[in-house]
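# Structural characterization, general
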Amino acid sequence: RVDVMPSTCPDESGGPTGSGGPGRGEVLAAARATSVAFIATGFAFASWASRIPQVRDRLHLDPAELGLVLLAIAAGALIALPLSGSIVGRFGSRRTVQALALVDGVAVAVVAVGYRFDVVPVLVGLFLFGFAQGGWDVAMNVQGAAVERRLGRSIMPRFHAGFSVGTVAGALIGAAMVALSVPVTVHLLPVGALVATVVPVSVRRFVPDADDQAVATAGGRSPRALSAWREPRTVLVGLLVLVFAFAEGTGNDWTGVGLIDDYHVSPSVGTLGFATFLTAMTVARWVGPAVLDRWGRVTTLRVLAVTGVAGVALLVAGGELVGGDLAGAAVPMAFAGLLLWGLGVSLGFPVGMSAGADQPAMAAPRVSVISSIGYCAFLAGPPAVGFLADRTTVLLATVSVAVLLAVAVLLTAVVSPLPQNDPDVAEAVVSPGPRPPDLTPDPGAAHRRS
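Remember, predicted model here, so these are calculated numbers, not experimental data.

Counting its regular elements, the protein chain contains 16 helices and zero strands. Taking all 450 residues of the protein chain together, the buried fraction comes to 54%. Long-range contacts, defined here as pairs at least 24 residues apart, represent 84% of the contacts in the protein chain between residues at least 6 apart. Carbon and sulfur atoms make up 68% of the accessible area of the protein chain, which totals about 18300 Å².

What follows is the structure, encoded as structure tokens:
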């Protein structure tokens, strides 16, 4: 059995069958606009991150003080994420992204200028930055799911690959600005202006988040955002996303450090190892749609979770060879492990977003809940691994990733596609306590593709 995502197939006129919705050309334009939104948010974040050392030096912050300053981003995001379902449900993903892109650009500008004077403007700017990034993330995922649904094929991983491309571009340009001694203000002000102008114009091509049939099912009323928190499936999808986000965040933050500290390689080799992890994840997200369309969500995530466990195991096992008779095989084993690790964690987050948006009428609140749960891993994961590493080693601390991915194998069934229109959706819109979705496999909702 292969689970197939719910879809609305285009009719001969290019529009979804019986929906009176946008034609195929409009949907493809929306896909391009969504890609711009994903790339831009990654570019903005990486541009700021590339200049953290210079901001730290200008403000004379020690590591503990810098950590507190960076918490302003987390605080803004944590406030935005739970609210985003209601905001997107009321105003739509297009207007939400347009407004938050403007806030994002202003926030970057506040940091770019404010760091020259005091830490307070930086705190204000970073709080606004985190708020904008968090809400923007939910809104663009809701739109990505709407595009995916109308195209009738998996495409969400490719949007997330766009985010990765944006981070790489922002980091490379940031590195060039640092190498050329370009001031932070001169670098980040144009970044803020670019985000605040390009994104609002691009996302005008977004399609409606829900088609006419979904709106009719919901009785024309907006879903209650808090109701999604009481849905077992939504919470379980959020926990699954949390596991994959923890594995991804640990790879981003600790793989280079682990190679340098435990394999005793040079910083350049450590950076190359991190680049291997990131490249594997980005490439897998780019080819992920074809894999998901062929094998379905559940099978794909199960295989990837096992692949991630194997990758972590190789990385840890290779560290045991350092200094022994087989030391020459240690670094190749580490790079093979990082490759598998990157592949293994690549699709968990985007598939979780798609699963949350299976039913258009409840897409915004469910994606908001799943994002809120998942992003806790990005906030708590790095310090948790650091705590374990202080008491063991970085490599042994990464075993926690393998353990959680093994648990994730047991949770993957929750991302099985739901029917787009279901009586429970209408009930969720108007009642304070929706019934849990029926997760019983429906033989008519899945078939094997040749």
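Checked against the element boundaries, glutamate 248 lands in helix 8 (residues 232-262). Here glutamate 248 is in contact with Phe277, Met281, Arg285, Val345 and Phe378, once residues within four sequence places are set aside.

Tryptophan 254 marks the point of greatest bend in helix 8, at about 50°. Phi turns positive one or two residues past the end of helix 8, at histidine 264, with a value near 60°.

Let us look at the side chain of asparagine 141. By the secondary structure assignment, asparagine 141 is in helix 4 (residues 119-151). A relative accessible area of 0% places asparagine 141 in the buried class. Engagement of the side chain of asparagine 141 in a polar contact is seen with the backbone oxygen of aspartate 137, the distance being 2.8 Å. For asparagine 141, the residues in contact, after removing those within four places along its chain, are Phe38, Met156, His160, Met353 and Val367.

Turning our attention to the packing of helix 8 against helix 10 (residues 297-321). Contact geometry of helix 8 with helix 10 gives a least axis separation of 13 Å together with a crossing angle of 30°. In terms of orientation, helix 8 lies roughly parallel with respect to helix 10. Viewed along their axes, helix 8 and helix 10 form a crossing whose handedness is left-handed. Across from Arg233, Leu240, Phe244 and Leu259 in helix 8, the residues of helix 10 making contact are Arg297, Leu301, Ala305 and Leu315. Each residue belonging to the contact of helix 8 with helix 10 can be placed in one class, and the counts come to six nonpolar, no polar and two charged.

For the rest of this paragraph, the subject is the pattern of salt bridges. For side chains bearing opposite charge, pairing can occur when the charged atoms are close. Applying the stated rule across the entire model yields five salt bridges. Close ionic contact of aspartate 358 with arginine 297 constitutes a salt bridge, the shortest N to O distance being 2.7 Å. Of this pair, aspartate 358 sits in the loop between helix 12 (348-356) and helix 13 (363-391) while arginine 297 is found in helix 10, placing the two residues 61 residues apart along the sequence. You can call aspartate 358 buried: its relative accessible area is 3%. Each of Arg233, Arg297 and Asp358 takes part in a single network of salt bridges with overlapping partners.

Attention shifts here to the confidence of the model for the protein chain. Put simply, the protein chain has an average pLDDT of 82, and 84% of its residues get 70 or more. No element of the protein chain has a lower mean pLDDT than helix 16 (residues 423-430), which averages 41, and none a higher one than helix 6 (residues 184-202), which averages 95. Here residues 214-220 is a poorly scored stretch, pLDDT under 50, and it has 11 contacts once near neighbours within four places are set aside; other chains count. Predicted confidence is poor over residues 423-450, with pLDDT under 50, and the contacts of this stretch with residues over four places away or in other chains come to 54 contacts.

Let us look at helix 11 (residues 330-344). Over its 15 residues, helix 11 runs 21 Å from end to end, which matches the ideal 21 Å to within 8%, given 1.5 Å per residue. Taken residue by residue, helix 11 has Ala330, Ala334, Phe335, Gly337, Leu338, Trp341, Gly342 and Gly344 as its buried positions. In this structure, the buried residues of helix 11 make contact with helix 8, helix 9 (267-295), helix 10 and helix 15 (399-411).

A full pass over the atoms with the stated rule returns four aromatic pairs. Judged by centre distance (6.3 Å) and plane angle (15°), the ring pair of phenylalanine 45 and phenylalanine 129 falls under stacked. Taken together, the positions of phenylalanine 45 in helix 1 (residues 24-49) and phenylalanine 129 in helix 4 put the pair 84 residues apart, joining distant regions of the chain. Measuring from ring centre to ring centre gives 5.8 Å for phenylalanine 277 and tryptophan 341, while their planes differ by 75°; the resulting arrangement is edge-to-face. Of this pair, phenylalanine 277 sits in helix 9 while tryptophan 341 sits in helix 11, and the two are 64 residues apart along the sequence. According to the relative accessible area criterion, tryptophan 341 is buried, its value standing at 0%.

This part covers the environment of glycine 356. Following the sequence through the fold, glycine 356 ends up in helix 12. Assessed through its relative accessible area of 1%, glycine 356 is described here as buried. Between the C-alpha atoms of glycine 356 and glycine 238, which are 118 residues apart in sequence, the distance is 8.7 Å. Filtering out sequence-adjacent residues up to four positions away, glycine 356 remains in contact with Met362, Ala363, Arg366, Val367 and Ile370.

How each quantity is defined
- Residues numbered from 1 in each chain as written.
- Predicted model: local features only at pLDDT ≥ 70, side-chain atom pairs only at ≥ 80, totals over all residues.
- Heavy atoms only, no water.
- Helix = DSSP H or I, 4+ residues; strand = E, 2+ residues; numbered from the N terminus.
- Buried < 20%, exposed > 50% of the residue type's maximum accessible area, 1.4 Å probe, protein only.
- Contact = heavy atoms within 4.5 Å.
- Areas by Shrake-Rupley, 256 points an atom, 1.4 Å probe, with all protein chains shown as cover.
- Bend = angle between axes of the 7 residues up to and from the residue.
- Polar contact = N/O pair within 3.5 Å; in protein donor to acceptor, adjacent residues only side chain to side chain.
- Axes fitted to C-alpha atoms, helices over the stretch in contact; angles between N-to-C directions.
- Parallel < 35°, antiparallel > 145°, perpendicular 65-115°, else oblique.
- Left-handed = near helix turned anticlockwise from the far one by under 90°.
- Nonpolar A, V, L, I, M, F, W, Y, C, P; charged D, E, K, R; others polar.
- Salt bridge = Lys/Arg side-chain N within 4 Å of Asp/Glu carboxyl O.
- pLDDT = per-residue confidence, 0-100.
- Expected span 1.5 Å × (residues − 1).
- Phe/Tyr/Trp six-rings, centres within 6.5 Å; stacked < 30°, edge-to-face > 60°.

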